[in-house]
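Residue strings, one per chain:
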Amino acid sequence: MLATAGSAIGLGNIWKLPYMIGVNGGSAFVLIFIASIIFVAIPLMMTEIMLGRRGQKNPLDAMKVLAQEAGVSTLWSWVGGIGMLAGVLILSFYSVVGGWVLSYILSAMEGVFTNISAEGAASNFNQLLAQPLRLLMWHSIFLLLTMTVVARGVSEGLEKANNILIPLLFAILLILLGYSMSVGDMSAAFQFMFSPDFSKVTPTAILAALGHAFFTLSLGMGAVMVYGSYLGKHESIGQTTLFIAILDTALGLLTGLAIYALVFANQLEPGAGPGLIFQTLPIALGSMPAGNFFATLFFVLVGFAAWTSSISLVEPAVAWVIENTKLSRKLASTILGLIIWLTGITVILSFNEWQDVKIALGLGIFDSLDKLTSTVMLPLGGVLMAVFAGYLMKNKHINEELRLTGWAFRFWKITNTVIAPIAVLIVFLNFFGAFENFTLDPFRH
Ligand code: PHE
């Protein structure tokens, strides 16, 4: 359970959710996001843990075993394949952002944020983005930290650390929230995030919110399946899922509140994009009593959270390579690490030298990778798992794992067979339409 929580809690909560709320117009996005968590992500997370515990292998081979058990085509194993590819692609930009966090640990230790102004914080971040070599160094360090753990297969130790680190992250967020409340404009933040405003419910916002529900809970790519295979037979899948989903969502929304209170008090731009937390949090952290200490601790904890998530992004692919080739874990990790490192370099360049390079649908490299994985691959992977479990697996086998009765089982069944597939289908049908009026410019600082 802790490992799954460690995978779920990461940059998605602290970095991505807050800026996506701003880019997608605030409360409408939050509302759709919460609905996506309840009606799509929670039931699908139960499915994915269930498939993992029953399959007991890497995602691709687990799906193969389960397809045989259900008496259907073993082509279903490719659901696991899409997932592993998604993980590798996500890690190539995740590691770059993980690098930003590491560089902020150093800045915090050096006292760079002490009494920093809003302009100072923004220019700091822009300077970082403008230096490819500096970004490359931090991306390399972050990826090396990840791949070292994966190559040695020792993530267990790190996962035990979650026991202390997740509560600590929660505690420091509450301190930050309290401080933001005193120096920021919490009522404006509340209004922005929670006042119902249905006029902003656009296809783009729906697509982004649904995709992020998958991203933040690590769904649709096999990470949760791998951890599900380690979950004890007697643990309750329903309770585990609910606990993680509530913790994860709360963490993201609390960070959002802390940030928007600062955004509105300092007349910053809510739609600033991926740099949002790096341009706002230093303002609060830098003016707090013992600010350097709190800023350092905060970025260290975010770094840890990102680290445990990044391990789970690549573990399914590594597990598959070593179970299906003669490569050792070390060699498999090195090769996959190199591929991710190189793809990461193109992401780095998309923030500076290659700012104008557009690859798909008029989007830059970072944005294309992000959209392709979060809004296409993860939902597709997740829904295929749902369809497989909901329509093809025998109820007897499902019940041996899920042990749901009454309304809970009906809720699981209807969300897996009807609600999630329809939601994702509608979103896919809107996909190209949504991109036509795509106005997001993530490089607007
Ligand atoms: N859930 C992680 C986060 O929020 C990211 C992640 C996505 C990890 C998919 C594994 C798989 O940061």
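Please refer to the structure placed before this passage.
Report on the accompanying structure. Just so it is clear, the structure is predicted and the values come from calculations on it, not from any experiment.

## Comments concerning the overall build of the protein chain
Now for step 1: Secondary structure summary: the protein chain contains 19 helices and zero strands in total.
Now for step 2: In summary, the protein chain has a C-alpha radius of gyration of 21 Å against a globular reference of 22 Å for 445 residues, a match within 12%.
Now for step 3: Its C-alpha atoms give the protein chain principal-axis dimensions of roughly 65 × 50 × 40 Å.
Now for step 4: Burial statistics for the protein chain: of 445 residues in total, 61% are counted as buried.
Now for step 5: In the protein chain, the proportion of contacts linking residues at least 24 apart, taken out of those at least 6 apart, comes to 83%.
Now for step 6: Of the accessible surface of the protein chain, which amounts to about 16,800 Å², a share of 68% is contributed by carbon and sulfur atoms.
Now for step 7: One way to put it: in the protein chain the 21 positive side-chain charges average out to a point 12 Å from where the 22 negative ones average out.

## Comments concerning the nonpolar core
Now for step 1: The biggest cluster of nonpolar side chains holds 153 residues, and the ones touching the most others in it are Trp15, Leu51, Trp100 and Phe298.
Now for step 2: For this core, the element with the highest residue contribution is helix α5 (residues 77-110), accounting for 17 residues.
Now for step 3: Contacts of Trp15, omitting those with residues within four sequence positions, involve Phe93, Val97, Trp100, Pro274, Ile277, Phe278 and Phe366.

## A closer look at the site of the ligand
Now for step 1: Around the ligand, a shell composed of 14 residues is seen, among which Ala8, Gly12, Tyr94, Phe215 and Ser218 lie nearest.
Now for step 2: Computed on the free molecule, the ligand has an accessible area of 330 Å², of which 100% lies beneath the protein chains in the complex.
Now for step 3: In this structure, the ligand is accommodated by the largest cavity.
Now for step 4: For the shell around the ligand, the elements supplying multiple residues, two or more each, are α1 (2-8), α2 (11-23), α10 (203-216) and α14 (291-324).
Now for step 5: For the shell around the ligand, the class distribution of residues is six nonpolar, eight polar and no charged.

Conventions we followed
- Residues numbered from 1 in each chain as written.
- Predicted model: local features only at pLDDT ≥ 70, side-chain atom pairs only at ≥ 80, totals over all residues.
- Heavy atoms only, no water.
- Helix = DSSP H or I, 4+ residues; strand = E, 2+ residues; numbered from the N terminus.
- Rg over C-alpha atoms; globule rule 2.2 N^0.38 Å.
- Buried < 20%, exposed > 50% of the residue type's maximum accessible area, 1.4 Å probe, protein only.
- Contact = heavy atoms within 4.5 Å.
- Areas by Shrake-Rupley, 256 points an atom, 1.4 Å probe, with all protein chains shown as cover.
- Lys, Arg positive; Asp, Glu negative; His and termini not counted.
- Charge placed at Lys NZ, Arg CZ, Asp CG, Glu CD.
- Core = buried A, V, L, I, M, F, W, Y, C linked by side-chain atoms within 4.5 Å.
- Near = heavy atom within 4 Å.
- 1 Å grid on protein atoms, 1.4 Å probe; cavity = no way out; pocket = protein on both sides within 12 Å on 5 of 7 lines; lining within 4 Å.
- Sits in = over half its atoms within 2 Å of the grid points.
- Nonpolar A, V, L, I, M, F, W, Y, C, P; charged D, E, K, R; others polar.

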